[in-house]
Amino acid sequence: MKRFLLIIMMFAALTGFKRGTTHTISGTVYSADDKLPLPGVTVLLKGTSTGTQTNAKGTYSITVSDNNATLIFNFIGFQPQYITIGSKTKIDVYLKVASSSLNEVVVTAYGVQKRKDVTGSVAQINNKDALKSTPQRLQGRVSGIVVNGAPGSAQKMMIRGVNSYGYVSPAPAEDNESYKGITENSFTNAGTTPLSTFSVDVDAASYSNVRRFINNGQLPPADAVRVEEMINYFNYNLAGPTDNSPVAIHTELSSAPWNTKHRLLRIGLKAKTIATKNLPASNLVFLIDVSGSMNSANKLPLVQSSLKMLVDQLRPQDKVALVVYAGAAGVVLPSTSGDKKETIKNAIDNLSAGGSTAGGEGIKLAYKIAAENLIKTGNNRIILATDGDFNVGASSDDDMEKLIEKKRESGIFLSVLGYGMGNYKDSKMETLADKGNGNYAYIDNITEARKTLVSEFGGTLFTVAKDVKLQIEFNPAKVQAYRLLGYENRILNKEDFNDDKKDAGDMGSGHTVTAFYEIVPAGIKDDYMVSVDPLKYQKNEVKVAASGSSEMMTIKFRYKEPVSSVSKMSQAVVYDKPVDFKLTSTDFQFASAVAEVGMLLRDSKFKQKASFAHAIATARAGKGDDGEGYRSEFIRLAESAKLLSKGTELAKVGDDE
């Protein structure tokens, strides 16, 4: 017995490890230079694979059991910081910007290669520890990791990161993502074409998808950047309607920050906000892709976590059915009352992925179930969760568009939640949401799921105005040319504005929409104005408003009530009275910065004097009351994009095996 006790004492002495009481450490991580919170910072318990990541507000929480342990705070572009825990329960950290460039050997789980010069900090972990770590043990993103040790494992895992909801980010098996091509709006002559018509867009998928690329150390493909979706990812402080109309319209006019000779007009829409308790009853059908392509940690497991959060928001008067599809489609859970949350969650938990993808059959079945449980005065909606990789049955974008166009006439809306990477089909999912009178979000982590399905529950699921269109008539006496920023796939013909059969975007409870027009004032000499020879067979006269008029344009706004097929119209006049950019609202400044970054990411030929440095400074000035931390997160993304745009690669993984 004595010998046994002696062995235990010797082992304890050799390990030098003294366990204390398990307790939780929390705090906020800031940038030392500007004191802004840093979202996405890795917080790693030294010598272990236990870690977490700061959220959008820069805060973190991690459980430890050793007072002598050390926390490592690491973020690309900043110097890592090591802090011994001691008896502290709250640790706030200020990271300093890294000034040196590093040249390291990056070891993936399947090969070794040289890393190009990278400005930023790199955390180092032992290869053995990294490869034996299971995804479930890792709580956060580990950015910019360099692994020491010999390679040799066949496990194809990029040791560059752990995604933000707690699983290792796998190396995509193939780069097979698809995006609908975008031809940017150009400057239009207001004299010959005074009308500009488009549908609103409340989707925000492009922003979170762009964020995913940048957080993974890549600039996004140009066609993945939809400027209007980046702008409309953020909430803006606009007043709602004061009358009985569902939407209020606001305007703001100043100089364009990337060309001060031009004007920038912001059109803002704000939908009325309905308290959750007053929202109509919901008839929901969860349509979940359980095909083999969803069999990865950042797909089906995240779908399950996302939908369970949505279930928590349901009321007894709401009901949910669960339909899945792989090689075939089937009903997993019949329409079930919202107060039976455990039953619904159990059905979600029991899902598993495998097989091919009969997306068309799944959509047809979901509409059938929704129709059988239709609530005439309620919210009838299908929520499709998928990576968009349809490969059986109706699968082309055209096939899907025709299918959805037929089904939307039933009064059932379609919302699309996109997941995953590598084989992500953005083009299909955007088509489905656009034609299904719904909205489209890309869920890259559990925080984004919470934003979409909890924080913005009403806006995501409850429509207050449908087929919302805008038509702007420019006064050629004041406007020489104009350009709509974004909305390329929402442009309508001028005659579509008065056509109630023409589909357009919808707005949900509390939604805001922002659209920017860049304007070349009359009399300004500009490279974007190209002369055209006079017409031979008709007069070239252009009617203009009286030169003494200060009207710059008239904005017409058309919408339908959710259960109506007849539209209503209102209008507003904008006068040629721009304000100094520094005196504009913080929302105007911030949104213009997002637009500027969007143009830079697209490498727009209309970016003019735009720069990341200027956009970042503008965004900081317009950060305002950033209660949720999303604006601070954008500033950090812009800073990362600035580094990437200089040709650096944060974690390049080669093809050598």
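For the structure itself, consult the block above.
Residues numbered from 1 in each chain as written. Predicted model: local features only at pLDDT ≥ 70, side-chain atom pairs only at ≥ 80, totals over all residues. Heavy atoms only, no water.

## Let's talk about the overall build of the protein
Counting its regular elements, the protein contains 14 helices and 31 strands. Per-residue burial for the protein yields a buried fraction of 55% across its 657 residues. Looking at the protein alone, contacts between residues at least 24 apart form 75% of all its contacts between residues at least 6 apart. Carbon together with sulfur atoms contributes 49% to the accessible area of the protein, which is approximately 28200 Å² in total. (Helix = DSSP H or I, 4+ residues; strand = E, 2+ residues; numbered from the N terminus. Buried < 20%, exposed > 50% of the residue type's maximum accessible area, 1.4 Å probe, protein only. Contact = heavy atoms within 4.5 Å. Areas by Shrake-Rupley, 256 points an atom, 1.4 Å probe, with all protein chains shown as cover.)

## With respect to the pattern of salt bridges
Going through the model one piece at a time under the given rule, you end up with 28 salt bridges. With its nearest N and O atoms 3.6 Å apart, the salt bridge here joins Lys90 to Asp92. Using a relative accessible area of 34% as the deciding quantity, one classes Asp92 as partly exposed. For Glu430, the salt bridge goes to Arg226, with nearest N and O atoms at 3.5 Å. Here Arg226 lies in the loop between helix 3 (205-215) and helix 4 (227-231) and Glu430 lies in helix 9 (residues 426-435), a separation of 204 residues in the sequence. Each member of the pair, Glu430 together with Arg226, is buried. Through salt bridges with shared partners, one network takes in Asp201, Asp203, Asp434 and Arg490. (Salt bridge = Lys/Arg side-chain N within 4 Å of Asp/Glu carboxyl O.)

## What about the packing of helix 13 (residues 612-621) against helix 14 (residues 630-645)?
It is the contact of helix 13 with helix 14, at a shortest axis distance of 10 Å, that shows an interaxial angle of 170°. With respect to their mutual orientation, helix 13 and helix 14 come out roughly antiparallel. In this structure, helix 13 uses Phe612, Ala613, Ile616, Ala619 and Arg620 to contact helix 14, whose residues at the interface are Phe634, Ile635, Arg636, Ala638, Glu639, Ala641, Lys642 and Ser645. Class assignment of the residues belonging to the contact of helix 13 with helix 14 gives a composition of 8 nonpolar, 1 polar and 4 charged. (Axes fitted to C-alpha atoms, helices over the stretch in contact; angles between N-to-C directions. Parallel < 35°, antiparallel > 145°, perpendicular 65-115°, else oblique. Nonpolar A, V, L, I, M, F, W, Y, C, P; charged D, E, K, R; others polar.)

## Describing the nonpolar core
Residues Ile231, Phe234, Trp258, Phe516, Leu601 and Phe634 are the most contacted members of the largest nonpolar core, which totals 42 residues. Elements that contribute at least two residues to this core include exactly helix 3, helix 4, helix 12 (586-602), helix 13 and helix 14. It is helix 12 that contributes the most residues to this core, 10 residues altogether. Not counting the four nearest positions on each side in its chain, Ile231 is found in contact with Tyr236, Thr514, Phe516, Ala591, Val594 and Ala595. Counting 34 residues, the second largest nonpolar core, distinct from the first, contains Met309, Val324, Leu333 and Ala385. (Core = buried A, V, L, I, M, F, W, Y, C linked by side-chain atoms within 4.5 Å.)

## Re the sheet that holds strand 6 (residues 81-84)
If you walk across this open sheet you meet the 4 strands as 3-2-5-6, and the pairing is antiparallel. The open sheet has two free edges, formed respectively by strand 3 (51-53) and strand 6, since each of these has just one partner strand. Here the average twist between neighbouring strands, direction ignored, is 20°. Both strand 2 (residues 42-45) and strand 3 contribute to a ladder of 3 bridges, which runs antiparallel. Its bridge partner being in strand 3, Val43 is matched across the sheet by Thr52. (Pairing = 2+ DSSP bridges.)

## So, the side chain of Asp426
Following the sequence through the fold, Asp426 ends up in helix 9. Of note is the side chain of Asp426, whose polar atom sits 2.7 Å from the side chain of Tyr440. When neighbours within four sequence positions are excluded, Asp426 is seen to be in contact with Ser178, Tyr179, Arg226 and Tyr440. (Polar contact = N/O pair within 3.5 Å; in protein donor to acceptor, adjacent residues only side chain to side chain.)

## Digging into the environment of Ser254
With respect to the helices and strands, the residue Ser254 is situated in strand 18 (residues 247-256). Relative accessible area serves as the criterion here: at 0%, Ser254 is assigned to the buried category. Spatially, the C-alpha atoms of Ser254 and Lys582 are 9.2 Å apart, while their sequence positions differ by 328 residues. Those residues within four positions of Ser254 in sequence are excluded, and the remaining contacts are His262, Arg263, Leu264, Pro578, Val579, Asp580, Phe581, Thr584 and Phe588. Side-chain polar atoms of Ser254 contact the backbone oxygen of Val579, separated by 2.7 Å. Polar contacts involving the side chain of Ser254 include one to the main-chain amide nitrogen of Phe581, which spans 3.2 Å.

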